[in-house]
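Residue strings, one per chain:
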Amino acid sequence: MPKEAWGSRLGLILAMAGNAVGLGNFLRFPVQAVQNGGGAFIIPYLICFLLMGIPLLLIEWSSGRFGGKFNNHSTPYIMDGMGKAKIWKYVGVFGIFTNIAVVAYYTYIESWSLVYVLHAVFGTFEGMSQSDVATFFTSYVDIFTTSTGIPFEAVFFYILVLALNIFILSKGLGGIEKVAKIGMPLLILFGVILAVRGLTLGESGKSELFPDANAWDGLNFLWTPQFDSLSNPKVWLAAAGQIFFTLSVGMGTIQCYAAYIKANEDIALNAVSAGFMNEFVEVVLGSSIVIPIAAGYLGLDWVLENAGFGMAFQTMPFLFQQWGEVAAAFSGVLWFGLLFFAGITSSLAMGTPWMGFMKDEFGWGKKRGAWSFGALALIMGLPTVLLYQYGVFDEYDYWAGTVSLVVFALLEAVLFSWVFGINKGWNEINEGSDIKIPQAYKFIIKYITPLLLLMVFLSALITPYQNEWMDSISNVLNGGTWVLDNSSLIKNITNYGLKEQLQSAINQSDIDFLEKK
Ligand code: MET
């Protein structure tokens, strides 16, 4: 039997871009940008892309292709082949569980998108007020509004979407490639149409209720660079987190896709192209839809106050209604269809590390691999669906979608440059390459990227009260103590479930100092 490989270069790039382009580009990026000062966010974001994103892409693509040469297709085997110590295999296994935990909540959002496409078609939101649309969502995910305590519609569509993922995965690379070849162009087309609307809306949404509505305000807020943020660690951390999330680095999915690239085939140009494609979709399309459209109807102040994950499902369907019945249905299909394609091309990638591991370790075929992955995802995922109100969803996002990515990225960067060795690594990156990666990247990959990743990790450990770094530092200089924020990793590890009690026990004078600021 011939070895499995990507059907074409285009297929590979679209699958890799599909892996990266995801819900994060449309739901997470705009919110992060708004919450971190708009134009103030963009510069740190781009720097993180160049100093951590691109290097990690190169590390992951080349590690994957390297593993493929020895017929390894999963992070445990790929990493095991790069370092002598047994620990690397276990680091690879840890990476697999990140994927299963992310897929558990990620496919839930995918299922919402699919359901909302149907509701857009059937005109469910017609004539609803903004609060009706918002309530529609909360009752969809709410276990308290159903007499049985089980949101059947949500569970049904969740399982349906999971089954669809399993079905495609069981078809192997060919299935993933096909979905990417259909999904990615449609996603970009849908995104461009909506972005044109966002960019041309201007003040046409102005009303008596919202006299300040102006889409341009939203765009200006995002695109006016502000240099003062460069000294704020909070903004840098958010920017770094967004880069990891959006590029899908630190999970092992890229390695597993790259393991199917032939030994002499280019990875340098492919990696950079897929990375830039993701950035185009994120920075250009991701910032031209939700924010300007919401600012165009509700005003920038509303956006600043309400920017959050909920905007996509709780506000957009209401705003689309302002364009009339047909246009609302059409826009709803474009928006939620786009989210669905963005989601599924990423969740498919999250299945491959597990499937590859079962193949490498036990020789399991695609069907068995896909079904076992689905079963695990379901076991992990049902709590996010059934206990949504209890914050399970957010816990998954924090541990798997935020912390694990950084930890894994740090470990793989160390493995690549310091254990495998940067000289060997650099040769892997350049072997068969169609472009010349600037020599400076050899230095960056060896020193700068691991150092920055270490800094990101340490800062997450000790995030200060309310993420106010400057004030906390001056408090310490004034003889006070470093008060940890509840979001800090240390607090999350040690005080899990006891946050409130411990919060009240910390030094009140430090809190007073910080709050006065
Ligand atoms: N890169 C994809 C996205 O942006 C998947 C991220 S999973 C941590 O949504």
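Colleague: What is the right way to read the overall build of the chain from this model?
Modeller: When helices and strands are counted, the chain shows 23 helices and 0 strands. The dimensions of the chain, computed from C-alpha atoms along their principal axes, are 65 × 60 × 50 Å. For the chain, the proportion of its 517 residues judged to be buried stands at 59%. Long-range contacts, defined here as pairs at least 24 residues apart, represent 81% of the contacts in the chain between residues at least 6 apart. A total of about 20500 Å² of accessible surface is found on the chain, and carbon and sulfur atoms cover 67% of it.

Colleague: It is not clear to me how the site of the ligand should be interpreted in this structure. Could you clarify?
Modeller: Close to the ligand lie 14 residues; A20, G24, Y106, F245 and S248 are nearest. Contact distances for the ligand include 2.9 Å between an oxygen atom and a backbone N or O atom of G24. One of the side-chain nitrogen or oxygen atoms of S248 is found 2.7 Å away from a nitrogen atom of the ligand. Computed on the free molecule, the ligand has an accessible area of 300 Å², of which 100% lies beneath the protein chains in the complex. Counting residues per element, the ones that place at least two in the shell around the ligand are α1 (9-20), α2 (23-35), α5 (87-121), α10 (233-247) and α16 (325-362). Looking at the shell around the ligand, the element that brings in the most residues is α2, giving 3 residues. When its residues are assigned to classes, the shell around the ligand shows 7 nonpolar, 7 polar and no charged.

Colleague: Sorry, what's going on with the pattern of salt bridges here?
Modeller: Two side chains carrying opposite charge are able to pair once their charged atoms lie near each other. Inspection of every chain in the model, using the stated rule, returns 11 salt bridges. For the salt bridge of D266 with R9, the shortest nitrogen-to-oxygen distance reads 3.1 Å. Of this pair, D266 sits in the loop between α11 (253-258) and α12 (268-285) while R9 sits in helix α1, and the two are 257 residues apart along the sequence. Where salt bridges share partners, they join R65, K69, E428 and E431 into one cluster.

Colleague: Any chance you could explain the packing of α5 against α16 here in plain terms?
Modeller: Between two packed helices, the angle of one axis relative to the other and the distance separating the axes together describe the packing. Direction vectors running N to C along α5 and α16 enclose 155°, while the axes themselves pass 8 Å from each other. By the angle between their directions, the pair α5 and α16 is classed as roughly antiparallel. As for the relative orientation of α5 and α16, their crossing is left-handed in sense. Each residue belonging to the contact of α5 with α16 can be placed in one class, and the counts come to 22 nonpolar, 8 polar and 3 charged.

Colleague: Explain the packing of α2 against α12 to me, please; I cannot follow it from the model alone.
Modeller: Remark: α2 packs on α12, axes separated minimally by 9 Å, with the N-to-C direction vectors making an angle of 40°. Accordingly, the angle class assigned to the pair α2 and α12 is oblique. The two elements α2 and α12 cross, and the hand of that crossing is right-handed. Across the interface between the two elements, G24, N25, F26 and F29 of α2 pack against N278, V281, E282, V283 and L285 of α12. Here the contact of α2 with α12 is composed, by residue class, of 5 nonpolar, 3 polar and 1 charged.

Colleague: In this structure, what is going on with the packing of aromatic side chains? I would like to understand it.
Modeller: Pairs of aromatic rings are described using the distance from one ring centre to the other and the angle between the two planes. Taken as a whole and assessed by the stated rule, the structure comprises 38 aromatic pairs. Arranged with centres 5.5 Å apart and planes meeting at 45°, the rings of F320 and W323 form a pair that is tilted. Between W469 and W482 the ring centres are 5.9 Å apart and the planes differ by 65°, which places this aromatic pair in the edge-to-face class. Here W469 is found in helix α20 (residues 469-477), whereas its partner W482 is found in the loop between α20 and α21 (489-494), with 13 residues between them in sequence.

Colleague: Please explain unusual backbone geometry as it appears in this structure.
Modeller: Residues other than glycine predominantly adopt negative phi, and peptide bonds predominantly adopt the trans conformation. Here S248, not a glycine, exhibits a phi torsion of approximately 60°, which is positive. Relative to the assigned elements, S248 resides in the loop between α10 and α11. Positive phi outside glycine occurs at Q466, with the angle close to 55°. What makes Q466 partly exposed here is its relative accessible area of 45%.

Colleague: Honestly, a nonpolar patch on the surface in this entry has me stumped. Any pointers?
Modeller: A cluster of nonpolar residues, W418, V419, F443 and Y447, forms a patch on the protein surface that exposes about 420 Å² of accessible area. Taken together, the elements giving at least two residues each to the nonpolar patch come down to α18 (392-430) and α19 (440-461).

Colleague: What should I look at first to understand the environment of F190 in this one?
Modeller: Structurally, F190 can be placed in helix α8 (residues 173-200). Sequence separation between F190 and L338 is 148 residues; the distance between their C-alpha atoms is 6.2 Å.

Colleague: Help me out: how do you make sense of the side chain of S62 in this one?
Modeller: Residue placement: S62 occurs in helix α3 (residues 39-69). Once residues within four sequence positions are removed from consideration, S62 is found in contact with I267, F416, E428 and I429.

Colleague: How do you make sense of helix α6 (residues 130-141) when you look at a structure like this?
Modeller: Every α-helix carries 3.6 residues per turn, so stepping three or four residues along brings you back to the same face. For α6, which comprises 12 residues, the first-to-last C-alpha distance of 18 Å matches the rise-based estimate of 16 Å (1.5 Å per residue) to within 8%. Of all the residues in α6, the buried ones are V133, F136, F137, Y140 and V141. Projected onto a plane normal to the axis of α6, the buried residues spread over an arc of 115° and lie on a single side. Against α5, α7 (152-169), α15 (311-321) and α17 (366-386) lie the buried residues of α6.

Colleague: Help me understand the side chain of N36, please; the structure alone is not making it clear to me.
Modeller: Summarising the element assignment, N36 is placed in the loop between α2 and α3. The buried category is assigned to N36, whose relative accessible area is 7%. At a separation of 2.9 Å, a polar atom in the side chain of N36 contacts the main-chain carbonyl oxygen of Q32. Each residue touching N36, except ones within four places of it in the same chain, is listed here: F41, K234, V235 and A238.

Colleague: Quick question: what am I supposed to make of the environment of K442 here?
Modeller: With respect to the helices, strands and loops of the structure, K442 is situated in helix α19. For the pair K442 and W364, spaced 78 residues apart in sequence, the C-alpha to C-alpha distance is 38 Å. In contact with K442, other than residues within four places in its own chain, are I422, N423 and W426. Looking at K442, its side chain comes within polar contact range of the side chain of N423, at 2.8 Å.

Reading the values: the criteria
Residues numbered from 1 in each chain as written. Predicted model: local features only at pLDDT ≥ 70, side-chain atom pairs only at ≥ 80, totals over all residues. Heavy atoms only, no water. Helix = DSSP H or I, 4+ residues; strand = E, 2+ residues; numbered from the N terminus. Buried < 20%, exposed > 50% of the residue type's maximum accessible area, 1.4 Å probe, protein only. Contact = heavy atoms within 4.5 Å. Areas by Shrake-Rupley, 256 points an atom, 1.4 Å probe, with all protein chains shown as cover. Near = heavy atom within 4 Å. Polar contact = N/O pair within 3.5 Å; in protein donor to acceptor, adjacent residues only side chain to side chain. Nonpolar A, V, L, I, M, F, W, Y, C, P; charged D, E, K, R; others polar. Salt bridge = Lys/Arg side-chain N within 4 Å of Asp/Glu carboxyl O. Axes fitted to C-alpha atoms, helices over the stretch in contact; angles between N-to-C directions. Parallel < 35°, antiparallel > 145°, perpendicular 65-115°, else oblique. Left-handed = near helix turned anticlockwise from the far one by under 90°. Phe/Tyr/Trp six-rings, centres within 6.5 Å; stacked < 30°, edge-to-face > 60°. Patch = residues over 30% accessible without salt bridge, like charges linked within 9 Å, V, L, I, M, F, W, Y side chains within 5 Å. Expected span 1.5 Å × (residues − 1). Arc of directions from axis to C-beta.

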